[in-house]
Amino acid sequence: MTPTPGEPGGARPPAAEERVRRQYREFKALLASNNECLALMAGLQEDLRFVPPLPHLVGERIAAVFERTVASVTALEHVTGKTYASFHRLAARGRREVEAFLAAEGRRETPAMAVSLAQVDASHAALVGGKAAALGEVANRVGLPVPEGFVLTAGAYAQVVGLPLWREVRDALRDLDPDDEAGLAAAAASLRAAVAGAALPRAVEVALTERARTLGARGGFAVRSSAVGEGGPRTFAGQFGSLLNVPEHDLPRAYLEVLATRFSERALAYRLSQGITEVESPMAVLVLPTLGARAAGILYTQDPGRPGRGNLLIAATSGLGVDVAGGAAPADLYVVARTRSHAVLEHRPAEKATRVVAAAGGGITREAVSEEERRRPTLSTEDIQVLAAWGVRLEAHFGTPQDVEWVLDERGELYVVQTRDLLVGAGALHRAWGRPKAAPLFAGGRTVFPGRTSGPALALAELPRAAQVPEGAIVFVRRATPEIVRVLPRLAGLVAERGNVAGHAAALLREWGIPSVFEAEGAFGAVAAGATVSLDAARRAVYDGALWPPAARSVEIPERFAGGEADPLHRRLLTLRLVDPSALNFRPSACRSAHDVLRFCHEKAIEAMFTLSDSVLDRAPHTARRLAGATPIRLFVLDLGGGLAPPAQAGDEVRAEEIVSRPFQALWRGVMHPGVSWRREMPASLGGLASVVAGSLGSQSSARRALGEKSYLLVASDYMNLNSRLAFHFTLVDATLAGERNLNAVSFRFAGGGATRWRRNLRAVFLERILRHLGFQVDRRMDVVNAWFRKGTAAETEAALDHLGRLMACSSQLDMYMESHDTMEWYVEQFMRGNYAFATERRPPAPGEPPAPTV
């Protein structure tokens, strides 16, 4: 029989030792469940950007999250010895509500595949898209002439593309960089081919052909995109395709071709840059008769370059206005007064050699313009006055300047064929798919949520209260943590040097739709505080100045954060409210979702393991073996499994090199760093040890064990728990270091000392300053320091432990030297420089004296 680790000769381990191992196994199981749940929830959040929450698409994963949440609660109960019956009830109730919600989503009535434009107004934008909804509003609410037509709805898109192809779309767009031209071209080509080759469901085909037949157009049809969101604050200008003069028999092919333009390179780049999700921007398609156009063009109800003058601009060309919007064809330009007479203030005629007209067999063609027509104005005075009057009415109705497309048919009748909001002045539309010409201030990292935004830069070592963050700021932090929820309503964007894209903070940023980048090493110092910067999260770059307007969020402040009721999927599963472990509401009664429960379980399990050696091994002090070595720590080691090399699993002593625990080895490298000195002479300026330690021992109640008693080290292959007493202070370190970053965590506690309270407090400030610089979250209260480093990569966590070991070693007895705040600042500076022995040519500065120069 093979001896169990820590059982010399295979003897049965003492009860206390076995209890420690059992608690560690439960702790590992809880971490594994927590990690699986976070991965599942991150996957759900990602997929819900591409597909609605239907039972057959997300049901199994949702059930798995609830099951693993219960497993985490059970593991926590075993680790702590407490019961959490309320969590079991919450999980059961939450699962019932979410499954009922999914079932209702699955039974939801399929929307109409097509609707007449006569039935549409602005309130139908989610069904018919922005372009069709606005056109229906013009016809049915403003009362201006609009061609008869119909719309193939977003429901039809879901049947053709949204549901059958969502996985292909997700996989093609996942981690796609808008600057990767080859990758963008490949993704666009594959998705366009998939859409063009899609089978048209019978219900969609019948809706299309029957509506077209009923419309009875004498010529062909105009087939135009009408994506949800198109024509609003996000204009999608020029992103999608339209086809003119399509024969009736060719409408199914034309419909698929227009849908495929949703996946053109420029359309993909636009959505990625703007942070627009696939599920929030399905494409409806507007079908109108192709009008025999004598003239066509664009009406701006304000001059975008000079909005204060109030003039209207009309661009007009002969024939169909296909090339006017894109600027590919010359057009007459009329500057028109807003006054009642709508006088033409300026007319700039254009040279018109050709015009676009409908071709006989379908499609469009160019024909020469006669000499007589070239000399004749494109629009009469009456036409100009009618268009100007319409523009004033449309701007008044929609409450904002409008960009209007119009057609003058061969009979002399004017029609509105499109209107959308016109961005003018400082808010004018930028080419959101283009790359800025200027070099970025910083580039790198991983996108959490894409989008572009501008605002004042704010660099924060730790996230403050919301009142300290100006509205619309782009915040730069060392590490993104769930405490970010305090400032989410004020953020325009966020850049973090460290952060887990599958963690809690990332989930919150995605839920709020805030452009954000993690793992942006070096970004913290790349911008000047208060400077206006622009963030392109999709390209993971920060630029100087305001290149874009503040991001239009994919959602406004979510109801679940604003105090309203959200859908059960978010309320009971995904939403995280329990974000700050130090807050008064971090307790079981504040948990509302599975995400809250997981967060609570994770924090409380680490807290329980933090003091495990005190709570168990003190009852059985002979179960561990002494660490042999030259350090002043009287350290006893217990192997929880895989923490010691096989030759070290017997005997009364163990050497440091025989401990194969990854976190211990990282910490120990720092403790034994050649630049660190465990011994230093007492400072000459002190009037004897009695003056230093006087009154200092009364505050040691935070340490469980008396001075000089054993220090314990529990180790496993990827775990360590150190509880030590040295030189009048006590230290706790609990760390997990694994390949999966969601498992990685370092917790540190330091208290006490041999000097006066003032000197102990100064050493605690010294520790706080260094730990914050190393990326730890820190809570210091007088001479007690608690710090956390969570969810870093293996390399980041290893480096944090290494530097923590150096800090622990070099700060031993340092309270004896803390004569003043200036002295403390000097020690901080020396540690930052790597002078861990604090070697100087002369003593550190006395109170009021400038710091000594470094050697």
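Read on for a plain summary of the structure. (Residues numbered from 1 in each chain as written. Predicted model: local features only at pLDDT ≥ 70, side-chain atom pairs only at ≥ 80, totals over all residues. Heavy atoms only, no water.)

## Points about the sheet that holds strand β4 (residues 242-246)
Reading across from one edge, β1-β2-β5-β3-β4 is the order of the 5 strands in this open sheet, with antiparallel pairing throughout. Of all the strands in the sheet, the pair left with one neighbour each is β1 (114-116) and β4. Going across the sheet, the axis of each strand differs from the next one's by a mean of 25°, ignoring polarity. Inspection of the sheet shows strand β2 (residues 150-152) paired to strand β5 (residues 283-289) by 3 bridges, in the antiparallel sense. Bridge assignment links Phe150 to a residue of β5, and that residue is Val287. Helix-sheet contacts for helix α4 (residues 125-142) involve β1, β2, β3 (221-227), β4 and β5, and the interaxial angle to β3 is about 120°. (Pairing = 2+ DSSP bridges. Helix = DSSP H or I, 4+ residues; strand = E, 2+ residues; numbered from the N terminus. Axes fitted to C-alpha atoms, helices over the stretch in contact; angles between N-to-C directions. Contact = heavy atoms within 4.5 Å.)

## A closer look at a positive patch on the surface
On the surface, Arg89, Arg93, Arg96, Arg587 and Arg592 cluster together into a positively charged patch. Looking at the element boundaries, Arg96 is found in helix α3 (residues 85-107). You can call Arg96 exposed: its relative accessible area is 55%. (Patch = residues over 30% accessible without salt bridge, like charges linked within 9 Å, V, L, I, M, F, W, Y side chains within 5 Å. Areas by Shrake-Rupley, 256 points an atom, 1.4 Å probe, with all protein chains shown as cover. Salt bridge = Lys/Arg side-chain N within 4 Å of Asp/Glu carboxyl O. Lys, Arg positive; Asp, Glu negative; His and termini not counted. Charge placed at Lys NZ, Arg CZ, Asp CG, Glu CD. Buried < 20%, exposed > 50% of the residue type's maximum accessible area, 1.4 Å probe, protein only.)

## Notes on the pattern of salt bridges
Side chains bearing opposite charge may pair, as long as their charged atoms lie close to each other. Counted according to the given criterion, the structure contains 39 salt bridges. For the salt bridge of Arg170 with Asp47, the shortest nitrogen-to-oxygen distance reads 3.1 Å. In this pair, Arg170 is assigned in helix α6 (residues 166-173) and Asp47 in helix α1 (residues 15-47), connecting sequence segments 123 residues apart. Overall, the relative accessible area of 13% leaves Arg170 in the buried class. Accessibility expressed as a relative area gives 3% for Asp47, which makes it buried. Ionic contacts of the salt-bridge type, sharing partners, join the residues Glu46, Asp47, Arg61, Arg170, Asp171 and Arg174 into one network.

## Digging into helix α2 (residues 55-80)
End to end, α2 covers 36 Å across 26 residues, agreeing with the expected 38 Å (1.5 Å per residue, within 8%). Directly beyond the C-terminal end of α2, a positive phi value near 75° is found at Gly81. (Expected span 1.5 Å × (residues − 1).)

## Observations regarding the pairing of strand β29 (residues 777-781)
Pairing geometry for β29 and strand β30 (residues 784-790), over 5 bridges, is antiparallel. Following the sheet pairing, Val778 is matched in β30 by Ala787. Here β29 folds back onto β30, and the loop between the two strands holds 2 residues, one of which, Met782, carries a positive phi near 55°.

## Examining the nonpolar core
Across soluble globular proteins, nonpolar side chains show a tendency to be buried alongside one another. Within the largest apolar cluster, 69 residues are counted, with the highest numbers of intra-cluster contacts made by Ile62, Val160, Tyr255, Leu259, Val285 and Leu573. The element best represented in this core is helix α9 (residues 251-260), accounting for 7 residues. Membership of the second largest hydrophobic core comes to 56 residues, among which are Val654, Ile659, Phe789 and Met816. (Core = buried A, V, L, I, M, F, W, Y, C linked by side-chain atoms within 4.5 Å.)

## Quick notes on the packing of aromatic side chains
Overall, the coordinates contain 14 aromatic pairs when judged by the stated rule. Summarising the aromatic geometry, the rings of Trp826 and Tyr827 are spaced 4.9 Å apart at their centres and angled 85° between planes, so their arrangement reads as edge-to-face. Looking at Tyr827, the relative accessible area reads 4%, which means it is buried. Put simply, the rings of Phe766, Trp826, Tyr827, Phe831, Tyr836 and Phe838 touch in pairs and so form one group of aromatic residues. (Phe/Tyr/Trp six-rings, centres within 6.5 Å; stacked < 30°, edge-to-face > 60°.)

## Remarks on the packing of helix α18 (residues 662-671) against helix α21 (residues 794-810)
The description of two helices packed together rests on the angle between their axes and the distance between the axes. Contact pair α18 / α21: the axes reach a minimum separation of 6 Å and the direction vectors enclose 40°. The orientation of α18 relative to α21 falls into the category oblique. Here α18 runs over α21; the crossing is right-handed. Touching Arg662, Pro663, Ala666, Leu667, Arg669, Gly670 and Val671 of α18 are Ala794, Glu798, Leu801, Asp802, Leu804, Gly805, Arg806, Met808 and Ala809, all from α21. Within the contact of α18 with α21, the residues separate by chemical class into 9 nonpolar, 2 polar and 5 charged. (Parallel < 35°, antiparallel > 145°, perpendicular 65-115°, else oblique. Left-handed = near helix turned anticlockwise from the far one by under 90°. Nonpolar A, V, L, I, M, F, W, Y, C, P; charged D, E, K, R; others polar.)

## Thoughts on the packing of helix α7 (residues 181-196) against α9
At their nearest, the axes of α7 and α9 sit 8 Å apart, and the two run at 155° to each other. By the criterion of interaxial angle, the relationship of α7 to α9 is roughly antiparallel. Considering how the two elements wind past one another, α7 and α9 form a crossing that is right-handed. Along the contact surface, α7 presents Arg192, Val195 and Ala196, while α9 presents Leu256, Leu259 and Ala260. For the contact of α7 with α9, the per-class residue count stands at 5 nonpolar, no polar and 1 charged.

## A short note on the pairing of strand β23 (residues 635-641)
Along β23, 6 of the 7 residues are buried, which leaves the element largely enclosed by surrounding structure. Sheet topology places strand β22 (residues 625-628) next to β23; 2 bridges connect them, and they run antiparallel. Looking at β23, one finds that Arg625 is bridged to Val637. Strand direction decides the pairing type here: β23 and strand β25 (residues 711-716), joined by 6 bridges, are parallel. Pairing of Leu638 across the sheet is with Leu714, part of β25.

Interpretation note: all reported values are geometric properties and have no functional meaning in isolation.
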